[in-house]
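# Coordinate inspection notes
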Amino acid sequence: MSRARQPPLVTGISPNEGAAWTKVTIRGENLGTGPADLIGLLICGHNCLLTAEWMSASKIVCRVGPAKDDKGEIIVTTKSGGNGTSTVSFKLLKPEKIGILDQSAVWVDEMNYYDMRTDRNKGISPLSLRPSNPLGIEIDKGKIPQKDMELTFPGMSGDFTSENFSATWYLIENHSGTSFEQLRTAASNLKKQATKKNEGSLAYVKGGLSTFFEAQDALAAIHQRLESDGTERVEGSMTQRLENILNRASDTADTLFQEVLGRKDKADSTRNALNVLQRFKFLFNLPLYIERNIQKGDYDVVINDYEKAKSLFGNTEVPVFKKVYAEVETRIGALRSLLLEKLLQTPSTLHDQKRYIRYLSDLHAPGDPAWQCIYAQHKWILQLMQNCRDEFITLDLEGDIRPLGLSRLSHTASLKRGGSLRTPPWRFETPQQVQFVEKLSDVVISQLPNFWKLWISYVNGSLFSETGEKSGQVEKSKKNARQRQNDFKKMIEELTHRLVKLVRGALLPATLPQGELSLYGGWENKTELTAPWLTQVIHIVRGFHEALAALEIPNDLLQVIQDLLLDLRVHCLMVTLLHTTEDVKRLAEKEDWVVDNEGITTLEQRLLIILSNCQYLERHTFLNLADHFEKHGFMGTEKITRVSEAVRQLDRKLFDAYIERRADPIAGSLEPGIYAGYFDWRDCQSPTGTVLCVCVCVSVYVQSEFSNGQQVIAGAQQRTFIIIKNVAFLWFVS
């Protein structure tokens, strides 16, 4: 479990006051680990998350929204730390109201002002033209907060057009720094305006009397004419003509003001559209940003922007927002397809696979991308192994000429242990079966460990969380892994069985069922391997078995490889014995029967070695085999006993034959002397094996010395030493 982070703390904001949409820089501590960690930002009670830009754990840039509160704290909320606190505050400045006679660079809403279209025949009352500065002096705005004024003058207002107007509030708010002389001037201005107001009202009434009387006379004449005419809507009547005149007057008025009113409506629409675009530019620009970031490969940025847009506009009912958000969803759907395609591409590294799986998980991709990747990797490894076999089967040549250093070392080691005396074929090309097993081993060692690690990451949930923190996605992954354990076990079994069958098809085709030979066999036309090459294959198979066992794969899944190793060792032993039998049969053809310095021929030297090997096999090797068979519960102990007895008999026969051959010439030379002295064997005790061997060796020494005519003392000493060695050896084997 990771250590909980401290809550965010805001220690500074620059600037600390301003109007709505002012750009501010927030500084503090623990402000989040990244853009995705920032989930809330309130300034004076207004949510500013839409305009927030996370820069670092100590800096955030945003724009202040139109909050209701004039002054408030800055609250930052993160996933890792929760709701934060603030040691500073921000003051929101209200914009000044624009009067009807003030110049302004923006369009002023005139809903509450005089409408020329509805009252164009009425005179303009002086009360409707109220100045924005009734005192007629320069306004000096104070810095007293609006809340303080409301508390001081409850229920009152500083607006002089309001029914609850408070002169004191107005003076404090607009003339707190005005001098007394200026206030006296303002009082004089008020008196003048009051006089003009009274005079203006009277003049307004006097000026309108003539118009009133004219209208009265016109209405009376119209009334009399209508009564005398007696018609209302008869064509050509006065009523009809009057209606036509009024309609033409209305059309003329509309024509005069249509252009002005049209420009106003168009300006209103443009201003509203610009406000919407400026306020929600993040959403409107998001489809383009997504496309650019996808092309650059910045998938993390795309995911963060998508999460923010989803939280803000996922459930919107505004038609234009729904349309833009639908476009965003379309781009995200294309991104999901692209990431899934990259995930299933082969070959790929384990790091890339984990990265794409996390992206798809953050984008809430349907299905289970991690399991889809595992399944695709499984099929790809199977295909790699099968392609490796097909490649060697279709070759017309025997293969590349490449003597293997490891093979030479293995062969040298086997000779030191008393292996075959056949000449190793290192000067020839490597057989295709050996090359095939080597390449198959490379495929398994390079691909299967990553495949196993991908499954382990899927089981423990590290595919979705690098820190190991618990989440809904991690728990879901673990649940899916538990449900698919048997499926993955079948995948591993299929891989190991396919590997073993391919090796058996190349080296042990007789162990495969007849129906599988067409799929895994096809090596009949290739050269049959000798014992040294089989030894090399065993080393290769043992290498990838150890590599897989190091991954902590259960032993029951690797049992088929162990069985393959046993069969290969047995096959190698059988081939070695067959070749040794042929070598023994050809010994007589190679023997030149020349006696060396030790008094024996080369064939006799090899015969003595065979006798020694027979003794070792009978007294050590077969006994160890029998013990291991009994220990592991294997059958065939009786067969080992019978073979051991056969080896013992072979040793005895060889030894008797050798002694008889070496004793015949000695007995022929001693026999005349024995009969000449009337020697009787019945008067002597039977010699022991050691004494007999000594006699034989001494006789051989004497015979060789006299037959060669050598009387040199040094030569005699050397041969005496050799005789002693032979006596010791014969005593040991007897």
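Residues numbered from 1 in each chain as written. Predicted model: local features only at pLDDT ≥ 70, side-chain atom pairs only at ≥ 80, totals over all residues. Heavy atoms only, no water.

Per an unreviewed UniProt entry, the protein goes by the name Exocyst complex component 2 and belongs to Myripristis murdjan. The UniProt entry for the protein carries this comment under Sequence similarities (unreviewed entry): "Belongs to the SEC5 family." Quoted verbatim from the Function (unreviewed entry) field of the UniProt record, the comment on the protein reads "Component of the exocyst complex involved in the docking of exocytic vesicles with fusion sites on the plasma membrane." (UniProt positions renumbered as here; feature names shortened; annotations may be inferred.)

## Looking at the pattern of salt bridges
Inspection of the entire model under this criterion finds 14 salt bridges. A salt bridge links E291 to R331; its shortest N-O distance comes to 3.5 Å. Within this pair, whereas E291 is found in helix α6 (residues 281-296), its partner R331 is found in helix α8 (residues 319-344), the two being separated by 40 residues in sequence. Assessed through its relative accessible area of 33%, E291 is described here as partly exposed. (Salt bridge = Lys/Arg side-chain N within 4 Å of Asp/Glu carboxyl O. Helix = DSSP H or I, 4+ residues; strand = E, 2+ residues; numbered from the N terminus. Buried < 20%, exposed > 50% of the residue type's maximum accessible area, 1.4 Å probe, protein only.)

## Re unusual backbone geometry
Where the residue is not glycine, phi is negative for most of them; where a peptide bond is considered, it is trans in most cases. The linkage connecting S14 with the following residue, P15, adopts the cis geometry, with an omega of -10°. The topology assignment puts P15 in the loop between β1 (9-14) and β2 (17-18). Here T346 and P347 are connected by a cis peptide whose omega angle stands at 0°. Its location among the elements puts P347 in the loop between α8 and α9 (350-362). Of note in this structure, N30 is not a glycine but carries a positive phi near 55°. Take N30: it is sitting in the loop between β3 (23-29) and β4 (38-43). The phi dihedral of H364 is positive, around 55°, even though this residue is not glycine. Its location among the elements puts H364 in the loop between α9 and α10 (369-393). According to the relative accessible area criterion, H364 is partly exposed, its value standing at 48%.

## Comments concerning the sheet that holds strand β7 (residues 59-63)
Strand pairing in a sheet relies on backbone hydrogen bonds. The paired strands run either parallel or antiparallel. In spatial order, the strands read β6-β7-β3-β1-β10; together these 5 strands make up an open sheet with mixed pairing. Because the sheet does not close on itself, it has two edges, and the strands there are β6 (53-56) and β10 (85-86). When β3 meets β7, the two strands line up antiparallel, connected through 5 bridges. Opposite R27, over in β7, you have K59 as the bridge partner. (Pairing = 2+ DSSP bridges.)

## Digging into the packing of aromatic side chains
Per the stated rule, a full pass over the model turns up 15 aromatic pairs. With 6.3 Å between their ring centres and 70° between their planes, W371 and W455 make a pair best called edge-to-face. With a gap of 84 residues between them, W371 in helix α10 and W455 in helix α12 (residues 432-460) connect regions that are remote in the sequence. In terms of burial, W371 and W455 fall into one category: buried. Note on F436 and W523: the rings are 5.0 Å apart at their centroids and 45° apart in plane angle, and the pair reads as tilted. On the criterion of sequence distance, the pair formed by F436 in helix α12 and W523 in the loop between α15 (517-520) and α16 (531-549) is long-range, its members being 87 residues apart. (Phe/Tyr/Trp six-rings, centres within 6.5 Å; stacked < 30°, edge-to-face > 60°.)

## Brief notes about a nonpolar patch on the surface
Residues L566, V570, L573, M574 and L577 make up a contiguous nonpolar surface patch of about 460 Å² in total accessible area. Inspection of the secondary structure assignment puts M574 in helix α17 (residues 555-585). (Patch = residues over 30% accessible without salt bridge, like charges linked within 9 Å, V, L, I, M, F, W, Y side chains within 5 Å. Areas by Shrake-Rupley, 256 points an atom, 1.4 Å probe, with all protein chains shown as cover.)

## Section: the packing of α10 against helix α14 (residues 485-507)
Taken N-terminus to C-terminus, the directions of α10 and α14 make an angle of 5°; their axes are 10 Å apart at the nearest point. One finds that α10 runs roughly parallel with respect to α14. Here α10 contributes W371, I374, Y375, H378, I381, L382, M385, Q386 and R389 to the contact with α14, which in turn contributes D487, F488, M491, E494, L495, R498, L499 and L502. Partitioning the contact of α10 with α14 into residue classes produces 11 nonpolar, 2 polar and 4 charged. (Axes fitted to C-alpha atoms, helices over the stretch in contact; angles between N-to-C directions. Parallel < 35°, antiparallel > 145°, perpendicular 65-115°, else oblique. Contact = heavy atoms within 4.5 Å. Nonpolar A, V, L, I, M, F, W, Y, C, P; charged D, E, K, R; others polar.)

## Topic: the pairing of β3
As a general feature of sheets, a regular strand has side chains that alternate between the two faces. Burial along β3 is one-sided: V24, I26 and G28 are buried, and none of K23, T25, R27 and E29, which face the opposite way, are. With 5 bridges connecting them, β1 and β3 associate as antiparallel partners. Among the inter-strand pairings, S14 is bridged to a residue of β3, identified as T25.

## Some details on the pairing of strand β8 (residues 71-78)
Bridge analysis of β4 against β8 gives 5 bridges, and the strand direction is antiparallel. Bridging from a neighbouring strand, G40 pairs with T77 of β8. Sheet analysis places β8 next to strand β11 (residues 89-92), joined by 3 bridges and oriented antiparallel. Looking at the pairing, G72 lines up with F90 of β11. As defined by bridge partners, β8 adjoins strand β9 (residues 82-83) across 2 bridges and the pair is classed as antiparallel. Bridging across to β9, T78 finds its partner in G82.

## Observations concerning the packing of α12 against α14
In the contact formed by α12 and α14, the axes pass within 10 Å of each other and the chain directions differ by 170°. Classified by the angle their axes make, α12 and α14 are roughly antiparallel. Touching Q433, F436, V437, L440, V444, L448, F451, W452 and W455 of α12 are Q485, F488, M491, I492, L495, L499, L502, V503, A506 and L507, all from α14. Looking at the contact of α12 with α14 residue by residue, the class counts come to 17 nonpolar, 2 polar and no charged.

## What about the confidence of the model for the protein?
Averaged over every residue, the pLDDT of the protein is 76; residues scoring 70 or more account for 74%. When the criterion is pLDDT under 50, residues 105-129 qualifies, and its contacts beyond four places in sequence or with other chains add up to 20 contacts. Taken as a whole, residues 701-725 scores under 50 in pLDDT and shows 18 contacts with residues more than four places along the chain or in a different chain. (pLDDT = per-residue confidence, 0-100.)

## Description of the side chain of T78
Relative to the helices and strands, T78 resides in strand β8. At 3.0 Å, the side chain of T78 and the backbone nitrogen of G81 are in polar contact. For T78, the contacting residues outside a window of four places in its chain are P8, L31, G32, D37 and I39. (Polar contact = N/O pair within 3.5 Å; in protein donor to acceptor, adjacent residues only side chain to side chain.)

## Here's the deal with α6
Compared with the 22 Å implied by 1.5 Å per residue over 16 residues, the 22 Å span of α6 between its first and last C-alpha is a close match. Remark: the principal bend of α6, roughly 45°, maps to P287. Among the structural elements, α7 (299-313) and α8 are those in contact with the buried residues of α6. One or two residues past the end of α6 sits G297, with phi positive at roughly 85°. (Expected span 1.5 Å × (residues − 1). Bend = angle between axes of the 7 residues up to and from the residue.)

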